[in-house]
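Listed below are the residues making up each chain.
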Amino acid sequence: MVEYSSRSTGKHSSKLGLLSPEDKRSTGFEDKMSDMIAALVHASEKAAKIARACRLEESLFGLLIEEKKEGEKNKKFVTDFKTLADVLVQEVIKHDVGKQCIFAGEKIHVKVCETEQETAKLLSKVLDGNMKAAEVLARSAHQNIVIPDLNTGRIDIPQDRLGVWVDPIDSTFQYIKGVSDSKPNNNIYSCGLQCVTILIGVYDLHSGTPIMGVVNQPFAVQDPETQRWSGQYYWGISYGTTNVCSLGPHSKNGGVSSESNSMPAPQHLKKGSAADLEEERFSAVLSTGETVCVQTLLKEACGDNIHYAAGAGYKSLCVVLGFVDVYVFSEDTTFKWDCCSPHAILKSLGGGMADLKECLRRRQDGNREDCSELVYNVPVQDVKGADRWANKGGLVAYRSHKHLEAVLNLLSGISV
């Protein structure tokens with residue numbers, strides 16, 4: 001079995017059942033991770049189109065918002081929202097990735113049907129009979145999207161040990177607020193639609209380590225004349241000695257436009273290649289909710305190279321793209337679905353995503369060699385709801401191990 005988990009529903013134990021070896025032989029199914037990553041990219045692109053379609057008309061968007069229930073809320077915010085876009089995006093991902101896997105989950109009221117007409121009919125019930133709005137969403141959910149060959153080569157990973165974490169729309173508050181005129185500082189947006197991401201990560205059910213990830217930025221660029229948005233996606237695979245991604249180790253941009261579908265050639269990389277960066281001072285992106293102590297220490301070390309941004313997925317993407325060296329967060333309000341996909345991409349670039357407080361504890365015990373990376377298969381004990389999957393020790397996302405070391409040295413005196 002393959003475990004499928006999603007942020008939007010608050011349910012994290014539904015299962016993906018795979019075809020048996022006998023069924024695979026009879027259907028010609030092959031265990032090719034190139035097929036899996038292509039399916040994830042394809043699903044993320046459909047999801048991005050839905051996210052844009054939902055924002056296209058304010059009258060439609062107002063119908064889609066409902067407040068999250070108590071057990072689903074992120075305690076970081078007074079109010080937290082989920083949207084129909086969240087749920088529909090999740091179901092598109094399940095529907096499309098289900099062409100590679102057989103899903104056996106619980107029945108829900110919003111789903112992607114076999115035909116566009118059936119999906120529209122179902123959505124119209126959710127939208128109080130608004131068939132026009134339902135047809136717009138159904139069209140996006142069923143639109144055929146051509147994904148170019150990702151040229152990953154053949155990567156064989158036993159599929160019976162794969163789990164999937166999905167965040168259908170990360171930075172929901174920015175998505176709902178819909179600010180489109182935010183200005184970047186050194187390529188980094190502090191807020192706005194550019195901070196919204198769709199995150200799909202695959203991990204090893206046995207070890208908990210991330211294996212592959214897709215980060216889709218649905219609102220990457222807005223056309224100044226038409227006001228329409230286009231997006232970008234980024235992917236990476238890290239398994240054993242294989243590391244391949246859509247970016248090179250020193251890329252400052254890249255990815256793919258959701259409209260042009262042009263893909264830069266992937267780079268086959270050696271682990272640790274990002275550590276060749278030669279910079280005297282490192283740069284960091286933080287949350288505005290970071291503790292005063294951590295902010296003060298990092299500001300002293302980084303000077304003007306401190307940035308603030310919304311969305312855990314987007315801040316991680318800033319590290320992936322090389323806009324900053326590290327993303328540091330010492331609190332426990334990020335979750336497995338926020339981190340799995342960018343963590344996999346960072347691994348493919350020679351970096352990673354460390355458990356901040358566990359690393360600091362080990363250093364305080366005299367162990368400076370063993371770095372504790374985030375894992376994705378173990379829930380937090382004795383808690384309920386979404387907090388079962390919180391990153392209780394905080395995190396450091398990095399591309400270079402020397403920058404991780406710099407952060408750990410800097411914060412070694414804080415209480416853990």
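Residues numbered from 1 in each chain as written. Predicted model: local features only at pLDDT ≥ 70, side-chain atom pairs only at ≥ 80, totals over all residues. Heavy atoms only, no water.

1. Overview of the sheet that holds strand β16 (residues 395–398)
Put simply, the rule reads: At least two bridges found by DSSP between two strands are what make those strands a pair. Secondary structure elements follow DSSP: runs of H or I of four or more residues count as helices, runs of E of two or more count as strands, with numbering from the N terminus. Convention adopted: a line fitted to C-alpha atoms gives each axis, helices being fitted over their contacting stretch, and angles between N-to-C directions are expressed from 0 to 180 degrees.
Pairing is mixed in the open sheet, where five strands are placed in the order β13-β12-β14-β16-β15. Each end of this open sheet is capped by a strand with a single partner; those strands are β13 (306–308) and β15 (352–354). Put simply, the sheet's adjacent strands are angled 20° from each other on average, direction ignored. Across three bridges, the pairing between β15 and β16 is antiparallel.

2. Thoughts on the packing of helix α9 (residues 312–320) against helix α10 (residues 336–348)
Selection rule: Roughly parallel covers angles under 35 degrees, roughly antiparallel covers those over 145, roughly perpendicular covers 65 to 115, and oblique covers all other angles. The contact definition used throughout considers only heavy atoms, calling two residues in contact when any of these lie within 4.5 Å. Amino acids outside the nonpolar list (Ala, Val, Leu, Ile, Met, Phe, Trp, Tyr, Cys, Pro) and the charged list (Asp, Glu, Lys, Arg) are all regarded as polar, and Gly is one of them.
Put simply, α9 and α10 touch, their axes get as near as 9 Å, and they point 5° apart. With respect to α10, the element α9 is oriented roughly parallel. Of α10, the residues touching α9 (which contributes Ala312, Gly313, Ser316, Val319 and Val320) are Asp338, Pro342, Ile345 and Leu346. Looking at the contact of α9 with α10, its residues break down into six nonpolar, two polar and one charged.

3. Things to note about the confidence of the model for the chain
Interpretation of this model should avoid reading the predicted coordinates in detail wherever pLDDT is low. Keep this limit in mind: The pLDDT score gives, residue by residue, the confidence of the prediction method on a 0 to 100 scale.
Summarising the model, the chain shows a mean pLDDT of 78, and 73% of its residues fall at 70 or more. The model gives residues 101–108 a pLDDT under 50, and that stretch makes 23 contacts with residues more than four places away or in other chains.

4. A closer look at the packing of aromatic side chains
Stated precisely, the cut-off is as follows: Paired rings are identified among Phe, Tyr and Trp, the last through its six-membered ring, by centres lying within 6.5 Å, and are further divided according to the angle between planes into stacked (under 30 degrees), edge-to-face (over 60) and tilted (the rest). A ring is considered to have a charge above it if a Lys NZ or an Arg CZ atom is located within 6 Å of its centre and within 35 degrees of its normal.
Summed over the entire model, instances satisfying the criterion amount to seven aromatic pairs. By way of ring pairs, the aromatic residues Trp165, Tyr203, Phe335, Trp337, Tyr376 and Trp389 are connected into one cluster. The residue whose ring lies beneath Lys336 is Tyr376, and the NZ or CZ to ring-centre distance is 5.7 Å.

5. Quick look at the environment of Val215
Where we set the bar: For every residue, the accessible area (1.4 Å probe, protein chains only) is compared with the maximum for its type, and the residue is labelled buried under 20%, exposed over 50%, or partly exposed between those bounds.
Structurally, the position occupied by Val215 is in strand β8 (residues 210–222). A residue is classified by how much of its surface remains accessible, and Val215, at 1% relative accessible area, is buried. Sequence spacing of Val215 and Trp235 is 20 residues, and the spatial spacing of their C-alpha atoms is 6.4 Å. With residues near it in sequence (within four places) discarded, Val215 still touches Thr197, Ile198, Leu199, Gln232, Tyr233, Tyr234, Leu317, Ser341, Pro342 and Ile345.

6. So, the side chain of Ser124
With respect to the element layout, Ser124 can be found in helix α5 (residues 116–126). Judged by its relative accessible area of 10%, Ser124 falls in the buried class. Sequence-distant contacts of Ser124, that is, excluding residues within four places in its chain, are made with Gly129, Asn130, Met131 and Ala134.

7. Things to note about the environment of His403
Among the structural elements, His403 can be located in helix α12 (residues 401–410). Linking His403 and Ala284, residues 119 residues apart in sequence, is a C-alpha distance of 9.8 Å.

8. Let's talk about the side chain of Arg55
Quick note on the threshold: Polar contacts here mean pairs of N or O atoms no more than 3.5 Å apart (in protein, one a potential hydrogen donor and the other a potential acceptor; neighbouring residues in sequence count only if both atoms are side-chain atoms).
Within the secondary structure, Arg55 is located in helix α2 (residues 33–56). Take Arg55: its relative accessible area is 11%, and that puts it in the buried class. Of note is the side chain of Arg55, whose polar atom sits 2.9 Å from the backbone oxygen of Ile176.

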